[in-house]
Structure formats: structure tokens, C-alpha cells
Amino acid sequence: MIQNRRRTVLRLLLLALAVTGLPLTTPGLAAADPASTAWAKLRMCESSNRYTTNTGNGYYGAYQFNLPTWRSVGGQGRPDQATPAEQDYRALYLYRMRGWQPWQCAGSLKLTGDADARSKRVPTYAEAAYIGGGLPAPPPGPGGPRPAWPGVVYDYGDCAAPLKTFQLRMNAYGYGFSGTGCYYEKTRTAVLALQRANGIKDSGLLGPKTWDAAWTGKPPR
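Below or above, wherever it landed, is the structure these notes cover. It should be emphasised that the depicted structure is a prediction, and the values quoted were computed from it without experimental measurement.

On to the overall build of the protein chain. On a plain count of helices and strands, the protein chain comes out with 9 helices and 0 strands. Helices and strands appear in the protein chain in the N-to-C order α-α-α-α-α-α-α-α-α. When each of the 221 residues of the protein chain is scored for burial, the buried share is 39%. Considering only residue pairs separated by 6 or more positions, the protein chain has 53% of its internal contacts joining residues 24 or more positions apart. Of the accessible surface of the protein chain, which amounts to about 12,300 Å², a share of 58% is contributed by carbon and sulfur atoms.

Here the focus is the side chain of T53. Note on placement: T53 falls in the loop between α2 (36–47) and α3 (67–72). Setting aside its immediate chain neighbours within four residues, T53 contacts S47, Y60, G61, Q64 and D80.

Attention now moves to the packing of aromatic side chains. For the structure on display, the rule yields 14 aromatic pairs. What links up through ring pairs into an aromatic cluster is the set W39, Y51, Y63, Y95, W100 and W103. The aromatic ring of F177 is capped on one face by K186, whose charged end is 5.1 Å from the ring centroid.

Inspection of the secondary structure assignment puts D80 in the loop between α3 and α4 (84–98). D80 gets classed as buried once you look at its relative accessible area, which sits at 8%. Distance from D80 to N54, taken between C-alpha atoms, is 6.6 Å for residues 26 residues apart in sequence. The contacts of D80, once residues within four sequence positions are left out, are Y51, T52, T53, N54, Y60, G61 and Q87.

Turning next to the state of the cysteines. Taken as a whole and judged by the stated rule, the model has 2 disulfides. What pairs with C45 in a disulfide is C105, and their sulfur atoms sit 2.0 Å apart. Across the disulfide from C45 to C105, rotation about the S-S bond amounts to roughly -75°, and the bridge is consequently left-handed. Placement of the pair is C45 in helix α2 and C105 in helix α5 (residues 104–108), with a sequence separation of 60 residues. Disulfide pairing is shown between C159 and C182; the S-S distance is 2.0 Å. Taking the torsion about the sulfur-sulfur bond, which here is approximately 115°, the covalent link between C159 and C182 counts as right-handed.

Turning our attention to unusual backbone geometry. Residue R118 is not a glycine yet carries a positive backbone phi of 60°. Summarising the element assignment, R118 is placed in the loop between α5 and α6 (125–128). Positive phi is not limited to glycine here, since K120 has a value of about 65°. Examined against the element boundaries, K120 turns out to sit in the loop between α5 and α6. A relative accessible area of 52% places K120 in the exposed class.

Next up on the list: the pattern of salt bridges. Per the stated rule, a full pass over the model turns up 8 salt bridges. Across the pair R96 and D33 runs a salt bridge, and its minimum N-O distance is 2.7 Å. In this pair, R96 is assigned in helix α4 and D33 in the loop between α1 (2–20) and α2, connecting sequence segments 63 residues apart. Of the two residues, R96 and D33, neither departs from the other in class, the shared state being buried. Across the pair D80 and R78 runs a salt bridge, and its minimum N-O distance is 2.9 Å. Owing to a relative accessible area of 28%, R78 belongs among the partly exposed residues under this scheme. Taken together, the shared-partner salt bridges in this structure form one network comprising D33, R96, D116, R121 and E127.

Left-over empty space is what a probe sized like a water molecule reveals as it rolls over the atoms. Put simply, the largest pocket is a space of about 200 Å³. Surrounding the largest pocket, 13 residues form its lining, E46, Y59, Q64, P102 and W103 being those nearest its centre. When residues of the lining of the largest pocket are traced back to their parent elements, those giving at least two are α4 and α5. Taken together, the residues of the lining of the largest pocket sort by class into 7 nonpolar, 4 polar and 2 charged.

Rules of the game
Per chain, the residues get numbers from 1 upward, laid out in the order the sequence is written. It should be noted that, the model being predicted, local features are given only for residues of pLDDT at least 70 and side-chain atom pairs only at 80 or more, the latter also being counted only at that level, while totals for whole chains, interfaces and linings use all residues. To get the side-chain values, take all heavy atoms of the structure and skip hydrogens and water. Secondary structure follows DSSP: runs of H or I at least 4 residues long count as helices, runs of E at least 2 residues long count as strands, and numbering of each begins at the N terminus. Three exposure classes are used, based on accessible area relative to the maximum for each residue type with a 1.4 Å probe and protein chains only: buried under 20%, partly exposed in between, and exposed over 50%. Contacts are assigned to residue pairs that have any heavy atoms within 4.5 Å of one another. Working definition of accessibility: Shrake-Rupley area with a 1.4 Å probe, residue cover restricted to the visible protein chains. Pairing of aromatic side chains here covers Phe, Tyr and the six-membered ring of Trp, requires ring centres within 6.5 Å, and sorts the geometry by plane angle: under 30 degrees stacked, over 60 edge-to-face, intermediate tilted. The rule for a charge over a ring is simple: NZ of Lys or CZ of Arg within 6 Å of the ring centre, and within 35 degrees of the ring normal. Two cysteine sulfurs form a disulfide in these notes if their separation is within 2.5 Å. By salt bridge we mean one thing: a side-chain nitrogen of Lys or Arg within 4 Å of a carboxyl oxygen of Asp or Glu. Only protein atoms enter the 1 Å grid used here. Points where a 1.4 Å probe fits but cannot escape make up a cavity, open sets with protein on both sides within 12 Å along at least five of seven lines make up a pocket, and a residue lines them when an atom lies within 4 Å of a point. Grid points are joined across faces, edges and corners, and a volume is the space filled by probe spheres set on the points. Residues are grouped as follows: nonpolar covers Ala, Val, Leu, Ile, Met, Phe, Trp, Tyr, Cys and Pro; charged covers Asp, Glu, Lys and Arg; every other residue, Gly included, is treated as polar.

In C-alpha cells form, the structure reads like this:
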């Protein structure tokens, strides 16, 4: 009798929510993708939660990607040289492709998959932001707020705060800059790649067209 009353009350409540247009939610319904605590446990087991770790065994970063696996989910450069947000994104990407299978630690931690495991659904950076508890990285390609060009053309050997802004933006393409703000060989490589991808004269000079392309142009190849 008590159970029947509870069912009746639940039906009436659901009907009332439907009439008022409020969202229908069911307590205990799991959200897609594993909780951030599961990812934190995985990182601690794999790398002691160190995003920059390189132990020399062919596995890199917080999630201990090897290079073929990293590249299979679109990673560029080396995982340990990518930003934490980039590593989080590629880890979620891999999870959606293959579930927990690639990580040995997931088995020892008894992590269980959910509806998104092996769903083949490519995530966005915003969806992956929760993993490390931080803000999402700027998405590759067009989009993201573009800071105004600083009005200075930068060349090899220059050091300035806007160069740091440019370097950190290029991390969205997997370059793994630490943001020194100094224009040396790695920055020149990124500038030239961006210029060639966007039909800009490949002078290596960071001028207004190249600056804009970092936020609104085609991603470098």
C-alpha cells in the first residue's frame, strides 16, 4: 500500500513538472563521462599527477600517452610538452574512442566506463575542462577571443609580453610553449607554419596578419 502511494505521488510530481515546463530529472542518474575524481586517481597512478613527466620509457605526461596513441587522437608534439588542458582533452578523446582500455592503472583502480566510453563522439575542449578542474583551452582553428595586435612586428630574438600571449595561443595547436615571451627557434617554427597554412608570406615576422591568423585563421599543419 505504501509503495502504491509513493508511485502515485511520483506520477503526480512528474505530471506537474511536465505541465509547468520544468526539466525532468531523475535522482541518481549518472552524467556522461567519468567524474573528475576518477581522472585524478588515474593521473596519480599513471604519473603521480605530473603533466610534465618524461621518464624516458616512451610514455609521456599526466596520462602516460605513447606517441602513436597521442597522435591517434589528434595530439601534436609530445604529450609532456602540451598544456594540462590539452592533455585532459586528448585523454577524454581517447576515453570516448576506447574506454579505459588503454590505461593499465584503470584496471587496478577498478574504474568503470559509462555511456560515453567507446561512443566515438569527439569531445570539445569545454567538455574536457572539468577533468583537471580548470578552464578549457582555446579551441583549435577559428574562435576564441582575439586580443588586439600590439602594434609591433616581432622577429627572432625579441622578448615581450605579447609574444607570451601568442605562444600560449599556439598551445591550442599542440606546440607546448611554456610562455617565455621570447622569440627563438620554436616560436619561429610556429610562425612559419601558421603563415604557410594561411597564405601569408612566410617571412617569419610576427606581424598583424600572422597575429590575427593565430585566432581566426586556419590551424597550422
